[in-house]
Amino acid sequence: MINSKEIESLHVESDELYQVLSIEGDSLINLPQNMDSHLMLEMYKKMVSCREFDEKAMKLQRQGRLGTYASFKGQEASQVGSSIALEFSDWMFPTYRDHAATHTHGQKWSTIFLYWMGHIDGSICPEGKKILPPSVPIATQLLHAVGTAWADKLKGEENVSIVYFGDGATSEGDFHEALNFSGVFQTPTVFFCQNNQFAISVPFEKQSASKTIKQRAHAYDMKGVRIDGNDIFAVYLTVKEAVDRARNGGGPTLIEAVTTRYGSHTTADDSKKYRNQEKIEKDWPTTQDPIPRLEKYLRKNHLLDKETEDEMKREIKKEIDEALSIAENYPKATTKQMFEHVYAVNTATIKKQEEEFLHLLGEER
């Protein structure tokens, strides 16, 4: 990894990982003034909150209180760091694994719980925000992000669209179509790829002949950056620069954040069948977990003490417990809801399907 002051500029053309915060918790560059103690503590609190939520959700799924769940453990720095770099009015297009990003951008934990409980209201974003529902189909959201960015550009608005996707999505045609269109029309889009090195069970080297995802930016004549996705400082600075450039007419950026998916693809998957999970569990806490890395920096610089940390964790646990209570006491979803919002006015085919389905359940339309 690059770890010298030579990389203080983010315009790095090599394929080395851009890194700002070392594994030992030392800053490798002179940090800009906007990265003050308040921002750093907010980064830490958000990552700890997201980790608490993720581990809670895993337990709830095993208890049968949530449906199949996709853990984001290990990717907190990528998601929190990128989301914090956005403005209030910016668009966000997440996948099913990006709840740390959506929460940081304003989505409530209670709403995210509802999503995994299969409730349609789990896809509603907060008033005034532009957070799209999690995209389950792979790479389709990239086209949507380019579309909103292009629309804002045509209207003269200064919003930026950020879209999240994994390394597997870069093998889809939608990825190339989105980057091509964005490059041609210079849309204010940030393509944020979390390369956790496995598309479910397929390792990256079997997905692509290119050594990196970042290098594909050259084909579409856009800025490409490859960063340490477990380094929240590197993520924040890279995305902040990309967002500012896009907002000022500088066009799109493709960011490859190299990170690690700690657990299985979802709770319906068993990663031990296709990768060395024991090695990951052994090495990850000391070399790849993004939270201790930031914690070390904060302690070394006297920005965090045990009392503050303990109080923070108590508040976080209380917040998530209250969010779960709200979700579990929310009006239950009904079978009829699956037929709503498909069309503004349901077609005859949809109406027939609804009648047949409800008849089988002994319910009336």
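The structure displayed is predicted, hence computed values, not measured ones. (Residues numbered from 1 in each chain as written. Predicted model: local features only at pLDDT ≥ 70, side-chain atom pairs only at ≥ 80, totals over all residues. Heavy atoms only, no water.)

Caption draft 1: Region of interest: the overall build of the protein chain. Counting its regular elements, the protein chain contains 11 helices and eight strands. A compact globule built from 365 residues should have a C-alpha radius of gyration of about 21 Å, and the protein chain, at 21 Å, falls within 12% of that. Out of the 365 residues belonging to the protein chain, those deemed buried represent 52%. Considering only contacts within the protein chain whose residues lie at least 6 apart along the sequence, 72% involve residues at least 24 apart. Accessible surface, the protein chain as shown: approximately 17,100 Å² in total, 52% of it carbon and sulfur. The protein chain carries 44 positive and 55 negative side-chain charges, and their two centres are separated by 3 Å. (Helix = DSSP H or I, 4+ residues; strand = E, 2+ residues; numbered from the N terminus. Rg over C-alpha atoms; globule rule 2.2 N^0.38 Å. Buried < 20%, exposed > 50% of the residue type's maximum accessible area, 1.4 Å probe, protein only. Contact = heavy atoms within 4.5 Å. Areas by Shrake-Rupley, 256 points an atom, 1.4 Å probe, with all protein chains shown as cover. Lys, Arg positive; Asp, Glu negative; His and termini not counted. Charge placed at Lys NZ, Arg CZ, Asp CG, Glu CD.)

Caption draft 2: Main features of the packing of helix 4 (residues 109-116) against helix 10 (residues 306-328). The geometry of helix 4 relative to helix 10 is characterised by a closest axis approach of 8 Å and an angle of 50° between their N-to-C directions. Here helix 4 lies oblique to helix 10, going by the angle between them. Considering only the axes of helix 4 and helix 10, their crossing is right-handed. Residue-level contacts link Trp109, Ser110, Phe113 and Leu114 of helix 4 to Glu319, Ile320, Ala323, Leu324, Ile326 and Ala327 of helix 10. (Axes fitted to C-alpha atoms, helices over the stretch in contact; angles between N-to-C directions. Parallel < 35°, antiparallel > 145°, perpendicular 65-115°, else oblique. Left-handed = near helix turned anticlockwise from the far one by under 90°.)

Caption draft 3: View of the packing of aromatic side chains. Considering all chains together, one arrives at 14 aromatic pairs under this definition. On the basis of an interplanar angle of 10° and a centroid distance of 4.1 Å, the ring pair of phenylalanine 53 and tryptophan 109 is categorised as stacked. Of this pair, phenylalanine 53 sits in helix 1 (residues 37-62) while tryptophan 109 sits in helix 4; the two residues are 56 residues apart in sequence, bridging distant segments of the chain. By relative accessible area, tryptophan 109 is classed as buried at 2%. (Phe/Tyr/Trp six-rings, centres within 6.5 Å; stacked < 30°, edge-to-face > 60°.)

Caption draft 4: Spatial organisation of the packing of helix 1 against helix 9 (residues 290-300). Relative orientation of the contacting elements helix 1 and helix 9 amounts to 150°, with a least axis distance of 10 Å. As summarised for this structure, helix 1 and helix 9 are arranged roughly antiparallel, according to the angle between their axes. Relative to helix 9, helix 1 is oriented so that their crossing is left-handed. The segment helix 1 lies against helix 9, with Met40, Leu41, Met43, Tyr44, Met47, Val48 and Arg51 engaging Pro290, Ile291, Leu294, Glu295, Tyr297 and Leu298. In the contact of helix 1 with helix 9, the residues fall into 11 nonpolar, no polar and two charged. (Nonpolar A, V, L, I, M, F, W, Y, C, P; charged D, E, K, R; others polar.)

Caption draft 5: Quick look at the domain arrangement of the protein chain. Examined at the domain level, the protein chain breaks down into domain 1 (4-332) and domain 2 (334-364). When each unit is reduced to the centre of its C-alpha atoms, the spacing between domain 1 and domain 2 is 36 Å. (Domains from an automatic or database assignment.)

Caption draft 6: Focus on the environment of alanine 101. Turning to its location among the elements, alanine 101 is positioned in helix 3 (residues 99-104). The exposure class assigned to alanine 101 is buried, which follows from its relative accessible area of 0%. Sequence spacing of alanine 101 and leucine 39 is 62 residues, and the spatial spacing of their C-alpha atoms is 16 Å. Residues contacting alanine 101, with those up to four places away along its chain left out, are Gln79, Ser83, Met92 and Tyr164.

Caption draft 7: Region of interest: the nonpolar core. By size, the foremost hydrophobic cluster in this structure holds 63 residues, and its most contacted members are Phe53, Phe113, Phe233 and Leu294. Those residues in contact with phenylalanine 113 that lie beyond four places of it in its chain are Phe53, Lys56, Leu60, Leu66, Ile320, Ala323, Leu324 and Ala327. (Core = buried A, V, L, I, M, F, W, Y, C linked by side-chain atoms within 4.5 Å.)

Caption draft 8: Inspection of the pattern of salt bridges at higher detail. All told, the structure shown has 21 salt bridges when counted by the stated rule. The partner of glutamate 55 in a salt bridge is lysine 73, and the shortest N-O contact between them spans 3.2 Å. Taken as a pair, glutamate 55 in helix 1 and lysine 73 in the loop between helix 1 and helix 2 (76-84) lie far apart in primary sequence, 18 residues in all. Lysine 73 sits in the buried class, given a relative accessible area of 16%. Between aspartate 90 and arginine 247 there is a salt bridge whose closest N-O contact spans 2.8 Å. Taken together, the positions of aspartate 90 in the loop between helix 2 and strand 1 (91-93) and arginine 247 in helix 7 (residues 232-247) put the pair 157 residues apart, joining distant regions of the chain. Exposure remark for aspartate 90: the relative accessible area of 0% places this residue in the buried category. What emerges from the salt-bridge pattern is a single network uniting Glu295, Arg299, Glu309 and Lys313. (Salt bridge = Lys/Arg side-chain N within 4 Å of Asp/Glu carboxyl O.)

Caption draft 9: Structural view of the pairing of strand 7 (residues 223-228). Counting buried positions over the six residues of strand 7 gives six, a clear majority of the element. Of the two faces of strand 7, the one lined by Lys223, Val225 and Ile227 and the one lined by Gly224, Arg226 and Asp228 are each fully buried. As for the winding sense of the linkage, the β-α-β connection from strand 7 through helix 7 to strand 8 (residues 253-258) is right-handed. (Right-handed = clockwise from strand over helix to strand, strands pointing away.)

Caption draft 10: Highlighting the pairing of strand 8. In terms of burial, strand 8 is largely enclosed, as six of its six residues are buried. In the sheet, strand 4 (residues 189-195) pairs with strand 8 via six bridges, with the strands oriented parallel. When the bridges of strand 8 are listed, valine 190 appears paired with threonine 253. By the bridge criterion, six bridges tie strand 7 to strand 8 in an arrangement that is parallel. (Pairing = 2+ DSSP bridges.)

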